[in-house]
Amino acid sequence: MYPIWEVPYLSSALVIGLIASFHVLPSHLAVAALWVTVFIEKLAYARNRLDYLDFVKRFTLLLLIFSFIFGSLSGIGIWYSATVSSPRGISGLIHNYVWGWATEWVFFLIEIATIYAYYYTLGKVDPKTHIRIGYLYAIAAWISMIIITGILAFMLTPGKWLETGDFFDGFFNPTYFPQLFARTFLMFGVAGIYGLVITSTLKENTKSDLTKIISRISLVGMILGGLFIIWYSSKLPQNMKDIYSGLPYLVKLGKYALASYLILSFYFILTGFLIPRLNNFLLSFLMIIIAFLGILCAEGIREGLRRPYIINYFMYGHQVVAKDLPAKNIKAEIEIIQKEGLLPRLGYLPESLRKITPENRLEVGRIIALHNCANCHAFTQKGIRPLPALFGKLSPQSPEDIDAFLSALGSFPYMPPFAGNDEERKVAAEYLFTLIKK
């Protein structure tokens, strides 16, 4: 086990969620943008509307700055925060998909090379060559999505991998294709709102034409993406559907995500068919914020459905292996830890904290509680799922009451069983009881 990362008020999981939700915007823009841009460039030459090329230039510059600077930074942020938050979870993914990531990085390098080539050669090479460069970027970006979607979907529905440990059994899991197609089409909605921001800065005649074209493409993407979301939902295991309906905050997130989807779709209907002149910089920018909030809710639902696991059915949120994986010679750890204790596995602790004594009970209890709870709960009085408030609602009269609750954690479908032996659970309960009294 590695040291735990405690984030006051937020919890480490929310830090990852915020960064990841933001990252969806530049990453999905990066995948869809050039399909739209190349299409408009071809229209420019076909209709002899060279004024459209002004959009191509500006939109590609936006892509360069937003996706390849802010997107790259947020991508690094995801890796960093996930690594310090769940090092064993990241280790599990790397051991399974290191070649998947290596392949994805090859295509990412192609994206970087071609997007610069596309931007700086506009008007300097013949149109046919320039469009080919655009297609090369677009295909490489989509292949990146194909690979990353497999790894993300694996964490939610690992499928036959739980029996075979095989790369492709985990990659082509039950929700892979629905999620891939949903992302593929919804990304045109993401690209569309950024495209409308750019069109709002163009001259009136060009703005009106391109607003209609981009809005209609985006609307088709939103409709098809919505249909694939329905397919995706139908492929989720029944226990996830039960968790969704049993946790009110997930239902609320679902309503917010749906509202965001409908608002964006309605905006595309208005600007694509009814009132193209409605599109302006402020409204389009507002749509970006609404899209971000919708993505944040959708990401929250996905993480909520996976509870109590990081890798579903295999590794719990507190990074303890939940079940045997004979194909990889991995043994379940939870029952062993409940028998032998968690402290022997915390090699980073000083000698004075490796055994429970009357003097260190609260300090050791804090460490045990952090390992069990800090990924999802704040230890502060306020914040994300704050433990003092949650335990306060139970009105425990003594540490023994909390101990009884901790011993029953495994009976909740969305909570992992307590990782620690009886004595460790008792000192964790003693520490948690002090939080309530503050």
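By the naming in an unreviewed UniProt entry, the chain goes by Cytochrome C and is assigned to Caldimicrobium thiodismutans. Per UniProt, the chain has the following entry under Sequence similarities (unreviewed entry): "Belongs to the cytochrome ubiquinol oxidase subunit 1 family." Of the chain, the UniProt comment under Subcellular location (unreviewed entry) reads exactly: "Cell membrane".

K.L.:
Quick question: what am I supposed to make of the domain arrangement of the chain here?
P.N.:
Often, the extent of an interface is quoted as the loss of accessible area on bringing the components together. Domain parsing of the chain yields domain 1 (12-316) and domain 2 (342-437). On a C-alpha basis, the centres of domain 1 and domain 2 stand 39 Å from each other. Each partner contributes residues to the interface: domain 1 has 11 residues there, and domain 2 has nine residues. Buried surface at the junction of domain 1 and domain 2, summed over both partners, amounts to about 880 Å²; 58% is from carbon and sulfur atoms. When the buried surface of domain 1 facing domain 2 is broken down by residue, Arg 307, Pro 308 and Tyr 316 rank first, second and third, together holding 44% of it. Applying the counting rule to domain 1 against domain 2 returns zero salt bridges. For the pair domain 1 and domain 2, the number of links is three residue pairs in polar contact (both at pLDDT 80 or more). It is helix α1 (residues 12-46) that contributes the most residues to the side of domain 1 that touches domain 2, three residues altogether. When its residues are assigned to classes, the side of domain 1 that touches domain 2 shows seven nonpolar, three polar and one charged.

K.L.:
Can you help me understand the UniProt feature "domain: Cytochrome c" (unreviewed entry) in the chain in this one?
P.N.:
As annotated by UniProt and renumbered to match this structure, "domain: Cytochrome c" (unreviewed entry) occupies residues 360-436. The annotated region residues 360-436 carries 58% helix and 0% strand content, and the separation between its end C-alpha atoms amounts to 20 Å.

K.L.:
I'm lost on the UniProt feature "transmembrane region" (unreviewed entry) in the chain in this one. Help?
P.N.:
UniProt records the feature "transmembrane region" (unreviewed entry) at residues 12-40, 61-82, 102-122, 134-156, 176-201, 213-233, 253-274 and 281-301, using the numbering of this structure. The distance separating the terminal C-alpha atoms of residues 102-122 is 31 Å; by composition the span is 90% helix and 0% strand.

K.L.:
Which parts of the structure should I look at to understand the environment of Pro 127?
P.N.:
Within the secondary structure layout, Pro 127 lies in helix α4 (residues 127-156). On the accessibility criterion, Pro 127 (34% relative accessible area) is partly exposed. When neighbours within four sequence positions are excluded, Pro 127 is seen to be in contact with Glu 41 and Tyr 45.

K.L.:
Please explain the packing of helix α9 (residues 238-246) against helix α11 (residues 281-305) as it appears in this structure.
P.N.:
Packed helices, taken two at a time, are described by their axes: the angle between them and the distance between them. Two elements in contact, α9 and α11, have axes separated by 9 Å at closest approach and are oriented at 120°. Here α9 lies oblique to α11, going by the angle between them. In the crossing of α9 with α11, the sense of the turn from one axis to the other is right-handed. Only Ile 301, Gly 304 and Leu 305 of α11 make contact with α9, whose side of the interface consists of Met 240, Ile 243 and Tyr 244. Looking at the contact of α9 with α11 residue by residue, the classes come out as five nonpolar, one polar and no charged.

K.L.:
Explain the packing of aromatic side chains here, please?
P.N.:
Counted according to the given criterion, the structure contains 35 aromatic pairs. Sitting over the ring of Tyr 119, Lys 57 keeps its end group 4.2 Å from the ring centre.

K.L.:
Just to check I follow, could you spell out the state of the cysteines for this structure?
P.N.:
Defined simply, a disulfide is a covalent bond joining two cysteines at their sulfur atoms. Applying the stated rule across the entire model yields zero disulfides. This cysteine, Cys 297, is not joined by any disulfide, and Cys 376 carries the nearest cysteine sulfur, 18 Å off. Residue Cys 297 is classed as buried on the basis of its relative accessible area, which comes to 9%. The thiol sulfur of Cys 373 is not disulfide-bonded, and the nearest other cysteine sulfur, from Cys 376, lies at 8.9 Å. With a relative accessible area of 13%, Cys 373 lands in the buried category.

K.L.:
I'm lost on helix α2 (residues 52-85) in this one. Help?
P.N.:
Each α-helix turn comprises 3.6 residues. Residues three or four places apart therefore point the same way. Between its first and last C-alpha, α2 extends 46 Å over 34 residues, near the 50 Å set by a 1.5 Å rise per residue. The largest bend in α2 comes to about 30°, at Gly 71.

K.L.:
Would you take a moment to explain the pattern of salt bridges for this structure?
P.N.:
Two side chains bearing opposite charge may form a pair once their charged atoms approach each other closely. Counted according to the given criterion, the structure contains 13 salt bridges. The residue Arg 366 makes a salt bridge to Glu 6 at a minimum N-O spacing of 3.1 Å. Taken as a pair, Arg 366 in helix α13 (residues 361-373) and Glu 6 in the segment before α1 lie far apart in primary sequence, 360 residues in all. What makes Arg 366 partly exposed here is its relative accessible area of 28%. Judged by its relative accessible area of 31%, Glu 6 falls in the partly exposed class. For Arg 425, the salt bridge goes to Asp 403, with nearest N and O atoms at 2.6 Å. Residue Arg 425 is found in helix α16 (residues 422-437), and its partner Asp 403 is found in helix α15 (residues 399-407); the two are separated by 22 residues along the sequence. For Arg 425, a relative accessible area of 14% gives the class buried. You can call Asp 403 buried: its relative accessible area is 13%.

The rules behind each value
Residues numbered from 1 in each chain as written. Predicted model: local features only at pLDDT ≥ 70, side-chain atom pairs only at ≥ 80, totals over all residues. Heavy atoms only, no water. UniProt positions renumbered as here; feature names shortened; annotations may be inferred. Domains from an automatic or database assignment. Contact = heavy atoms within 4.5 Å. Buried area = accessible area lost by both parts, 1.4 Å probe. Salt bridge = Lys/Arg side-chain N within 4 Å of Asp/Glu carboxyl O. Polar contact = N/O pair within 3.5 Å; in protein donor to acceptor, adjacent residues only side chain to side chain. Helix = DSSP H or I, 4+ residues; strand = E, 2+ residues; numbered from the N terminus. Nonpolar A, V, L, I, M, F, W, Y, C, P; charged D, E, K, R; others polar. Buried < 20%, exposed > 50% of the residue type's maximum accessible area, 1.4 Å probe, protein only. Axes fitted to C-alpha atoms, helices over the stretch in contact; angles between N-to-C directions. Parallel < 35°, antiparallel > 145°, perpendicular 65-115°, else oblique. Left-handed = near helix turned anticlockwise from the far one by under 90°. Phe/Tyr/Trp six-rings, centres within 6.5 Å; stacked < 30°, edge-to-face > 60°. Lys NZ or Arg CZ within 6 Å of the ring centre and 35° of its normal. Disulfide = S-S within 2.5 Å. Expected span 1.5 Å × (residues − 1). Bend = angle between axes of the 7 residues up to and from the residue.

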